[in-house]
Amino acid sequence: MVGLSIDPRVRLSIELALAGTSAGQPLLAKQEEAGRALGMTGAEMDVARRGSSFDFKISVAISLALDACQESRQRALYAGLSVEACAEIERIAQAIRANPINLDIWRDAP
């Protein structure tokens, strides 16, 4: 993610953060499988579930997804994310919140 489009790793990190540790076992297993396929470590997925990341820009993206307010948008823009990337992060978060069980609903979204 360099200011433009949101890559699958960022998308999954956002999903992990929004689902947190309270997700059911089937969802946790699917997220774990998806994370491993993307090369994420268990520690990276655990940190994402707690709403953060070891990567600064991913952490900023997660913060925006968790609380899409003017302050978090400004922080994301300051960190180098584009206006388009911020809007995409907010759309992803909204889609996940609307249907947290159906993982494919946001993965296929533009």
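What counts, and at which threshold
Residues numbered from 1 in each chain as written. Predicted model: local features only at pLDDT ≥ 70, side-chain atom pairs only at ≥ 80, totals over all residues. Heavy atoms only, no water. Salt bridge = Lys/Arg side-chain N within 4 Å of Asp/Glu carboxyl O. Helix = DSSP H or I, 4+ residues; strand = E, 2+ residues; numbered from the N terminus. Buried < 20%, exposed > 50% of the residue type's maximum accessible area, 1.4 Å probe, protein only. Expected span 1.5 Å × (residues − 1). Arc of directions from axis to C-beta. Axes fitted to C-alpha atoms, helices over the stretch in contact; angles between N-to-C directions. Parallel < 35°, antiparallel > 145°, perpendicular 65-115°, else oblique. Left-handed = near helix turned anticlockwise from the far one by under 90°. Contact = heavy atoms within 4.5 Å. Nonpolar A, V, L, I, M, F, W, Y, C, P; charged D, E, K, R; others polar. Core = buried A, V, L, I, M, F, W, Y, C linked by side-chain atoms within 4.5 Å.

### Some remarks on the pattern of salt bridges
Counted according to the given criterion, the structure contains 7 salt bridges. Glu88 is the partner of Arg11 in a salt bridge, and the nearest nitrogen-oxygen pair spans 2.6 Å. Taken together, the residues Arg11 in helix H1 (residues 8-19) and Glu88 in helix H6 (residues 83-98) connect sequence positions 77 residues apart. By relative accessible area, which is 9% here, Glu88 ends up buried. Note that Arg49 and Asp46 form a salt bridge whose closest N and O atoms lie 3.7 Å from each other. Highlighted residues: Arg49 and Asp46, both in helix H3 (residues 42-49), separated by 3 residues, approximately one helical turn. Judged by relative accessible area, Arg49 falls into the buried class, the value being 11%. Through salt bridges that share partners, Glu32, Arg36, Asp46 and Arg49 make up one connected network.

### What to know about helix H2 (residues 25-37)
Counted at 1.5 Å a residue, the expected span for H2 with its 13 residues is 18 Å, and the 18 Å between its end C-alpha atoms agrees. Buried residues of H2: Leu27, Leu28, Gln31, Ala34 and Gly35, and no others. Down the axis, H2 shows its buried residues gathered within 130° of arc, on one side only. Facing away from the buried side of H2 by more than 90 degrees, the exposed set consists of Gln25, Pro26, Lys30, Glu33 and Ala37. In the segment just after H2, Gly39 is the residue with positive phi, at about 85°.

### Points about the packing of H1 against helix H4 (residues 56-66)
Between H1 and H4, whose axes approach to 9 Å, the crossing angle comes to 45°. Here H1 is positioned oblique relative to H4, judged by the angle of their axes. The hand of the H1/H4 crossing is right-handed. Between H1, through Val10, Ser13, Ile14, Ala17 and Leu18, and H4, the contact on the second element is made entirely by Ile58, Ala61, Ile62, Ala65 and Leu66. A per-class count over the contact of H1 with H4 returns 9 nonpolar, 1 polar and no charged.

### Some remarks on the nonpolar core
Ile6, Val10, Ile14, Leu16, Ala76, Leu81 and Ile89 are the most contacted members of the largest nonpolar core, which totals 25 residues. If you list the elements that add at least two residues to this core, you get H1, H3, H4 and H6.

### A word on the side chain of Gln31
You can see Gln31 is positioned in helix H2. The contact partners of Gln31, leaving out residues within four places of it in the chain, are Leu12, Glu15, Leu16, Ala19, Met45 and Arg49.

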